[in-house]
Protein chains: 2
Amino acid sequence: MRGAVIHAPGDVRFEERDDPKIIHPTDAVIRTVATCVCGSDLWPYRGLEPVDAPHPMGHEYVGIVEEVGSEVRNVRPGQFVVGSFATSDNTCANCLNGWQSSCLHREFMSTCQADYVRIPNAHGTLVATDGHPDGESMPGLLAVSDVMGTGWYAAVAAEVKPGSTAVVVGDGAVGLCGVIAAKELGAERIIAMSRHEPRRKLAVEFGATDIVTERGEEGIARVKELTDGIGADSVLECVGTAEAMRQALRSARPGGNVGFVGVPHEVAVDGQELFFSHVGLRGGPAPVRRFLPDLIDRVLTGRINPGKVFDLTLPLDQVVEGYKAMDERRAIKALLKP
Amino acid sequence: MRGAVIHAPGDVRFEERDDPKIIHPTDAVIRTVATCVCGSDLWPYRGLEPVDAPHPMGHEYVGIVEEVGSEVRNVRPGQFVVGSFATSDNTCANCLNGWQSSCLHREFMSTCQADYVRIPNAHGTLVATDGHPDGESMPGLLAVSDVMGTGWYAAVAAEVKPGSTAVVVGDGAVGLCGVIAAKELGAERIIAMSRHEPRRKLAVEFGATDIVTERGEEGIARVKELTDGIGADSVLECVGTAEAMRQALRSARPGGNVGFVGVPHEVAVDGQELFFSHVGLRGGPAPVRRFLPDLIDRVLTGRINPGKVFDLTLPLDQVVEGYKAMDERRAIKALLKP
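Residues numbered from 1 in each chain as written. Chains lettered and ligands numbered in written order. Predicted model: local features only at pLDDT ≥ 70, side-chain atom pairs only at ≥ 80, totals over all residues. Heavy atoms only, no water.

Caption draft 1: Examining the relation of the copies chain A and chain B more closely. Least-squares fitting of chain A to chain B yields an RMSD of 0.0 Å, with the superposition described by an axial translation of 0.0 Å and a rotation of 180°. Read as a symmetry element, the transformation amounts to a two-fold axis. Of the interface residues in chain A, 100% have counterparts in chain B that sit at the interface too, so the contact is made through matching surfaces. (Least-squares fit on C-alpha atoms with pLDDT ≥ 70 in both. Contact = heavy atoms within 4.5 Å.)

This is the structure we're talking about:
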C-alpha cells in the first residue's frame, strides 16, 4: 500500500509501505476512507521537533473495518468506524475514570496518512456508526477523531458553563472546533483571537461573538476590556507555545479556568504567577474516546459541522501538497482521500 | 501599643508601635484576642525572603471590635470577630464569584502580631460570632482565619469528593488542616506525607488513614502503591517548594487534581509534563471569606477542632520565642495571647 513518510523537516514523501497486519488479538485493520494533516504534524515538518529517522505520519482517520483480531468484538469487518488519535482499552482504571488518552495500554496513532491502518486496542478505541454515513458528514466524522474531540476537551477542561464567557486562543482547526464546543456547552460570549480573515469568518460562523486581532499584552488588555476588567471564565489554549499559554493564563479571571490542548513546546508555568492568578489549569491529549458517541451523534444529526475546518480536499497521493498548503497557511486543514 | 517587628532574618523584636487608627471609612480597629505565627512568617525569618526594611508581622487574628469607620455596618464595637488574612470588600466582581482573596481592593494583613490591629475593608472581611465564644473554641476560630481556611481551600481546589482518595503533601499546620478538610469533604482515604512523629499523630487524629514517611521519588512510588498504581484523585500541596510541587503533581492520577496553597518559591511547572499528566492544577491565597461562616459554624459546634494545631501557647510579648520554636520545629504552630 501507499502512505506518507517524513524523512526530514520539509521532506514528506508519499511512498510504498508494508501493508498493516493484525499483530495483537485486540488489533483491527481498517481501510482508510478519509485522513488528514494535523497542525501538530507541522512541528516536525517545520523542524521544530527532531526527525531522527524516517517514519510514517498521520493520526486522524475514519474507515471501513477490513479485519479484526480474535478479541475484538465491538466492531466487525465492513463497518464504518471512527476512532481517536490515542488508542485505549477502555477498561483500565484511567479509562473507567474517563481519561482514555491516559489508558495504561495507550498507543498514539502515527501511521494514518495511508491506504490501510492498523488500529491497536481496537476493542476499546473504535466506535462504529449505524450504516455507512453519507459523504456530507464524512469530514465532520473525521474531525471528531482529533480536532473536534480536542476542541471539545479544551472547552470541558476550561469548564465552559451555560452563560459563561470563553476565550479561544489559536485559530487553527482545533481552536475553531473549540468555538463550536464552547457554543454547544452554553457559553454566552465567545471571544476568538484571530487575525486571519478566513479563519475569523469561520469562527463567527461557528459561534464566536467577538474577535480580538491583537496579540500579547495588547490582546490580553482587549480581552479584559471585553470582560468587565477581570477576564474570562474559561480560556481554551489551542496552540502550545509559551506566548499562547501566557496569553491564556492572563486572559482568565481569578477563579477561571484554562484548558490547554496544544502540545506545549518549551512552556514553563511560573508557580507564583499561577498561584496569585487563582486560575485553574488542565490540559493534555484529549480523551476523545469519552466524547466519541456524543460527538458522532452531533455530527450525524447535523447539530454541529466541524467538517468545515477542512478547506482543502486532496487525493491521498497529494499529501505532500497538503503539508505545504498548511505550512504556508494557504489552508486551515487538508483532508486526504485514498 | 506593642507588636512584633522583623528587622532582619532571625531578628524579630517585640517593641512599641503606633496605635492603629481608622484611616478609611471601611476600616475597623480590633483589640486582638489571639494571634499566631504562620509557616509563611518563617520565610523572611529564615532569610528565604528578603527583609528590605523593618516591618510589622502577623496576618492571623481574632478579636473584639474597638472602633469602626462610617461605612462599616456589618460589625459593631464590642463584637467578637474573625477575619481573613486577605481583606476583601465582598462586593466586587471577584468577590461575588467567590474569590475574595483576589478582591479588587484586597490588602494582605501584615500587622497582626500586636495588641491592636487595623482591618482594611472591614465591611467585607470581618464576620461576627453570636456572643463571645468560650476560650476552648478560641484556637479553632483563630485557625479559621488562615490555616484552616487555607487547608479547606486546598481540599476544594483539589476537588476532594465523597469516597475519593486524597494525599496531603506537607505536615505543617496547613497540611494538618488539609487533612481535616479532606475528611469533612468526604475523602474515604487520606494519605498524609509526614515523617515527624507528633504531626503524624495529629494527622491520624484528624482523619488520615495512611501515613507515608518517604519523600521524593520513593514517596511518589509509595503513594502509587497505595492507589492501585495510578495515583490519587486529589492532592493538597501545602508547602510551596519545587520538590513539594513535583511530589504533588506526580502523586495525582490522570484526571486528578492538585490544589496548591503553599506560596510557591522558585517553582516552575513544566508545561509538557503537566500536559501529559492530565492533572488539573489550581492554587492561590485561599478565599477564606467564602468559607468563613461555614467554618466558624463547624468550630463552634465542635464538628472540627483545628485549634489543636497550636501546640504552643505564649503571651504575645514572647512572640520571639514563638518564631524560634517553629523555626526549630519544636512547635507546629504558636498561639499568642496579648
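Caption draft 2: Seen up close, the interface of chain A and chain B. Listed as interface residues are 38 residues of chain A and, on the opposing side, 38 residues of chain B. Summed over both sides, the interface of chain A with chain B buries roughly 3100 Å², with 60% coming from carbon and sulfur. A per-residue breakdown of the area chain A buries against chain B is headed by Phe275, His278 and Arg282 of chain A, which together make up 24% of the total. At the boundary of chain A with chain B, the tally comes to zero salt bridges. Viewed at the interface, chain B and chain A are joined by 20 residue pairs in polar contact (both at pLDDT 80 or more). Of all elements in the fold, only α2 (93-96), β13 (252-260), β14 (268-270), α10 (271-277) and β15 (280-283) of chain A reach the threshold of two or more residues within the side of chain A that touches chain B. (Buried area = accessible area lost by both parts, 1.4 Å probe. Salt bridge = Lys/Arg side-chain N within 4 Å of Asp/Glu carboxyl O. Polar contact = N/O pair within 3.5 Å; in protein donor to acceptor, adjacent residues only side chain to side chain. Helix = DSSP H or I, 4+ residues; strand = E, 2+ residues; numbered from the N terminus.)

Caption draft 3: Just the domain arrangement of chain A, in detail. Residue and element names in this part refer to chain A. The assigned domain composition of chain A is domain 1 (2-146 + 287-337) and domain 2 (150-283). The C-alpha centroid of domain 2 is placed 26 Å from the C-alpha centroid of domain 1. Contacts between domain 1 and domain 2 engage 23 residues on the former and 21 residues on the latter. At the boundary of domain 1 with domain 2, total buried surface from both sides reaches about 1900 Å², with 64% on carbon and sulfur atoms. When the buried surface of domain 1 facing domain 2 is broken down by residue, Trp43, Arg329 and Ile332 rank first, second and third, together holding 32% of it. Along the contact surface separating domain 1 from domain 2 lie four salt bridges. Glu184 serves as the salt-bridge partner of Arg303, at 2.5 Å between the closest nitrogen and oxygen. Per-element accounting of the side of domain 1 that touches domain 2 gives the leading share, six residues, to helix α11 (residues 288-300). (Domains from an automatic or database assignment.)

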